[in-house]
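Inside the fold
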Amino acid sequence: MHEMSTYFLQKNYTAQLNDIVAVLLAYHHFPEAEKLHRIRVAIKKIKSIFNFEKFVHQHKNQDRTINELFKKTGALRELNMHMQLTRGITKNNEPFIYPMLHQIDVLEKLFLKAVPKFISHIHCMRKQTKSRCFDVEIKSLKAYFNTYRKIAMKHIKKHKKRDMHGLRKTIKKIMYVYTFLPIAIQQQISLDYEKWSAVQSALGDWHDWYVARRYFTKSSFLHLSKRFFSVLKLHEKMAYKKLIQKLSAIENI
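For the structure given in this document, a descriptive report is provided here. Given the structure is predicted, the values throughout are model-derived calculations rather than measurements.

Criteria and cut-off values
- Residues numbered from 1 in each chain as written.
- Predicted model: local features only at pLDDT ≥ 70, side-chain atom pairs only at ≥ 80, totals over all residues.
- Heavy atoms only, no water.
- Helix = DSSP H or I, 4+ residues; strand = E, 2+ residues; numbered from the N terminus.
- Rg over C-alpha atoms; globule rule 2.2 N^0.38 Å.
- Lys, Arg positive; Asp, Glu negative; His and termini not counted.
- Charge placed at Lys NZ, Arg CZ, Asp CG, Glu CD.
- Axes fitted to C-alpha atoms, helices over the stretch in contact; angles between N-to-C directions.
- Left-handed = near helix turned anticlockwise from the far one by under 90°.
- Contact = heavy atoms within 4.5 Å.
- Nonpolar A, V, L, I, M, F, W, Y, C, P; charged D, E, K, R; others polar.
- Buried < 20%, exposed > 50% of the residue type's maximum accessible area, 1.4 Å probe, protein only.
- Core = buried A, V, L, I, M, F, W, Y, C linked by side-chain atoms within 4.5 Å.
- Parallel < 35°, antiparallel > 145°, perpendicular 65-115°, else oblique.

1. Examining the overall build of the chain
- Regarding its fold elements, the chain presents nine helices and two strands.
- Starting at the N terminus and walking to the C terminus, you meet the elements of the chain as β-α-α-α-α-β-α-α-α-α-α.
- For 253 residues, the compact-globule formula gives about 18 Å, and the C-alpha radius of gyration of the chain, at 20 Å, lands near that figure.
- Each of the three principal axes of the chain carries a C-alpha extent, and together these read 65 × 45 × 25 Å.
- Of the side-chain charges in the chain, 47 are positive and 20 negative, and the distance between the mean point of each set is 5 Å.

2. So, the packing of helix H2 (residues 33-57) against helix H3 (residues 64-89)
- Where H2 meets H3, the closest approach of the two axes is 9 Å, and the angle between their N-to-C directions is 140°. Handedness of the H2/H3 crossing: left-handed. Packed against H2, whose contacting residues are Ala33, Leu36, His37, Ile39, Arg40, Ile43, Lys44 and Lys47, the element H3 presents Ile66, Asn67, Leu69, Phe70, Thr73, Gly74, Leu76, Arg77 and Asn80 at the interface.
- Here the contact of H2 with H3 is built from residues that sort into eight nonpolar, five polar and four charged.

3. A short note on the environment of Phe50
- On the secondary structure map, Phe50 appears in helix H2.
- Judged by relative accessible area, Phe50 falls into the buried class, the value being 9%.
- Along the chain, Phe50 and His123 lie 73 residues apart, while their C-alpha atoms are 18 Å from each other.

4. Section: the nonpolar core
- Ranked by size, the top nonpolar core spans 76 residues in total, and within it Ile20, Leu24, Leu69, Phe111, Phe145 and Phe216 carry the most contacts.
- Of all the secondary-structure elements, those providing two or more residues to this core are helix H1 (7-29), H2, H3, helix H4 (94-127), helix H5 (138-158), helix H6 (161-180), helix H8 (193-216) and helix H9 (226-249).
- With 11 residues, H4 is the single largest residue contributor to this core.
- If near-sequence neighbours (up to four positions away) are discounted, Phe216 is found in contact with His82, Thr86, Phe96, Met100, Phe221, Phe228, Phe229 and Leu232.

5. Remarks on the packing of H2 against H6
- Two elements in contact, H2 and H6, have axes separated by 9 Å at closest approach and are oriented at 90°. Here H2 is positioned roughly perpendicular relative to H6, judged by the angle of their axes. Facing H2, whose interface residues are Val41, Lys44, Lys45, Ser48, Ile49, Asn51 and Phe52, H6 presents Lys172, Lys173, Tyr176, Val177 and Phe180.
- When grouped by side-chain class, the residues that make up the contact of H2 with H6 number six nonpolar, two polar and four charged.

Following this line, the structure appears as structure tokens:
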């Protein structure tokens, strides 16, 4: 087989849109941080499909409303993560928690007002799904994975923090498209999914601490406990050490 239909992408694209709508409706009634995470994962999968289509079909997809949804959920998700990390490392956390609770309240009200607009837009996107299916050569599919694997390896060899977020996004471009492939096609792609998944997980763990550390170094928090900052710094350092160990395990993959 030299060609395959991208029906598998069309199917998963629709599934992600359906999931976003379902979670938005649920969030509108019961706002929970985990729902924000689900929305963001679904959008990342959609973006990985857009990226694949751009690579193999020169078909560019940029959706401003989806990007807006991604940013708004990201801002709320990040604040919730900061609160969770704070509660885990200090008991006297009120001075840290209260400012975040206020920010979350403001952002959440604005987000809930925008939910109907997002749902309406996604319904429009679903109606256009049928036009997304096309044939792609297997060699182009393999070229996609080889290209992004090389990009990932360049990030890994640098071992620099500023490259880690780019590495995480690159790995997601590899992993999401791979999981969408039919098993018969996956077997033609040389990819150690478990190792890449472990690295992606370690990247996520470290990034949460890294972003939290940057957030709490803002001037509005500088008058607070030095011990809190030292513990936060230690956790970020430990998470980065574990990440480097994971990266070392796949340097020759």
